[in-house]
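Here is how the chains run, residue by residue.
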Amino acid sequence: MQGTIDGFSYGIVTPLAAYVMACLGAALGLRCTTRSVRNNQSFKAGWLAMGATAIGSGIWTMHFIAMIGFSVDGAPITYDPPITFASLAVAIVMVGIGIFIVGYRGATTMALVTGGTITGLGVASMHYLGMAGMRLRGTLQYDTTTVTLSVIIAVVAATAALWAAVSIHGFLASLGASLVMGVAVTGMHYTGMAAVSVHLHGASGAARGGESAVALLLPMLIGPLAFLLIAGVVVMFDPLLVMGQPEWERSGTGTASAPGIPAESARRAGMVTADPARFSGHGHAHGQHHGHGGGTGYGYGHGFDSAAAPAPDPVADEGALRRRSQQYDGW
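Quick caveat, the model's predicted, so the values are computed rather than measured.

**Q** Explain the packing of aromatic side chains to me, and be specific about the residues and the numbers.
**A** The full count for this structure, using the stated rule, is six aromatic pairs. Arranged with centres 6.0 Å apart and planes meeting at 80°, the rings of Phe64 and Tyr79 form a pair that is edge-to-face. Placement of Phe64 in helix α2 (residues 44–68) and of Tyr79 in strand β3 (residues 78–79) is noted, with a sequence separation of 15 residues between them. Residue Phe64 shares its accessibility class with Tyr79, and that shared class is buried. Judged by centre distance (5.5 Å) and plane angle (80°), the ring pair of Tyr128 and Tyr142 falls under edge-to-face. Pair noted here: Tyr128 is in helix α4 (residues 109–132) and Tyr142 is in strand β5 (residues 138–142), with a separation of 14 residues, a long-range link. Residue Tyr128 is classed as buried on the basis of its relative accessible area of 18%. Note on Tyr142: relative accessible area 34%, which makes it partly exposed.

Following this line, the structure appears as structure tokens:
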């Protein structure tokens, strides 16, 4: 017997809350990834790991908040904790692989395609593994075409998100990218849910327990929600993460890279900013004194590029001083 599915038991509340969590995870993850790519002097691996955990936790939290609104008429639903948390681990690990590829390789086509595919497959794996953790008096069945569409959406969304992480550095632009990614990830979830149908078993397999989805899922969501809150605090205390000021516009670092290129690669390619400390119009002066007869003297000074100025010619300098001295003697 086919079960009657309701994916919006609480109306617009669960889709809206799920979308907010997807946007939050995306925003934090993108800013952390941007921070690691733009600045070689920070703890790159740490920023990338936090970005992967933020995105993975945001997507996982989005999924199960949306699942609070999922119900099957006549078949109470429970969740298997080990499989449920395994889906969280899969999301973080696979998203992390994709982020580390782009974080260390930059926005090259190969890095984006590889990282985006792995990350998108991680999002889809999290979704369907989470669905496998559901326990109800029935069997879940999936429409292959709709499942394929949901996986394609996940891969495209993940690739676009990774591109945004290494190519968009303004706060408003990054916020817009996070909102778009939230739409894509939430859309992927509900596309996947549209592929689901439930074949109910007989009454002999009576449902266990009668707890609501809220009572079952909220305790599982506490950990990821707490992490997202802590990550948000860390991001808010880093002005570069919040405002997205490009590193190559900050004077005096000497290690900035062009957009989408990690600082290490830029330095190897010679794409670093000039050190303004090397240039001075008044900081360096050479003075020489030449006395003759009545104690007359001569001194001079000039500014120069300490790195590029040619070495002085002592013969030419001595000749100039002798001529100037003769002029003084004739006064």
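**Q** Requested: an account of the nonpolar core, with residues and values cited.
**A** Here is a general trend for soluble globular proteins: nonpolar side chains tend to be buried in one another's company. Formed by 66 residues in total, the largest nonpolar core has its most connected members in Met67, Val72, Tyr79 and Met134. The biggest single contributor to this core is α2, with 14 residues. Ignoring anything within four residues of it in the chain, the contact list for Val72 reads Gly3, Thr4, Ile5, Ile77, Leu136, Val198 and Leu200.

**Q** Lay out the side chain of Arg137 with the relevant residues and their values.
**A** Topologically, Arg137 is positioned in the loop between β4 (134–135) and β5. With no salt bridge to any partner, buried Arg137 finds its closest opposite charge in Asp73, at an N-O distance of 8.6 Å. Side-chain polar atoms of Arg137 contact the backbone oxygen of Gly74, separated by 2.6 Å.

**Q** Hey, could you go over the environment of Ile230 for me, with residue numbers and the actual values?
**A** Mapped onto the secondary structure, Ile230 falls in helix α7 (residues 213–236). Ile230 sits 176 residues away from Ala54 along the chain, and the two C-alpha atoms are 10.0 Å apart.

**Q** Lay out the side chain of Ser57 in plain terms, naming residues and giving numbers.
**A** If you trace the backbone, Ser57 turns up in helix α2. Take Ser57: its relative accessible area is 3%, and that puts it in the buried class. Only 2.7 Å separates the side chain of Ser57 from the backbone oxygen of Thr53, close enough to count as a polar contact.

So, how was this worked out
Residues numbered from 1 in each chain as written. Predicted model: local features only at pLDDT ≥ 70, side-chain atom pairs only at ≥ 80, totals over all residues. Heavy atoms only, no water. Phe/Tyr/Trp six-rings, centres within 6.5 Å; stacked < 30°, edge-to-face > 60°. Helix = DSSP H or I, 4+ residues; strand = E, 2+ residues; numbered from the N terminus. Buried < 20%, exposed > 50% of the residue type's maximum accessible area, 1.4 Å probe, protein only. Core = buried A, V, L, I, M, F, W, Y, C linked by side-chain atoms within 4.5 Å. Contact = heavy atoms within 4.5 Å. Lys, Arg positive; Asp, Glu negative; His and termini not counted. Salt bridge = Lys/Arg side-chain N within 4 Å of Asp/Glu carboxyl O. Polar contact = N/O pair within 3.5 Å; in protein donor to acceptor, adjacent residues only side chain to side chain.

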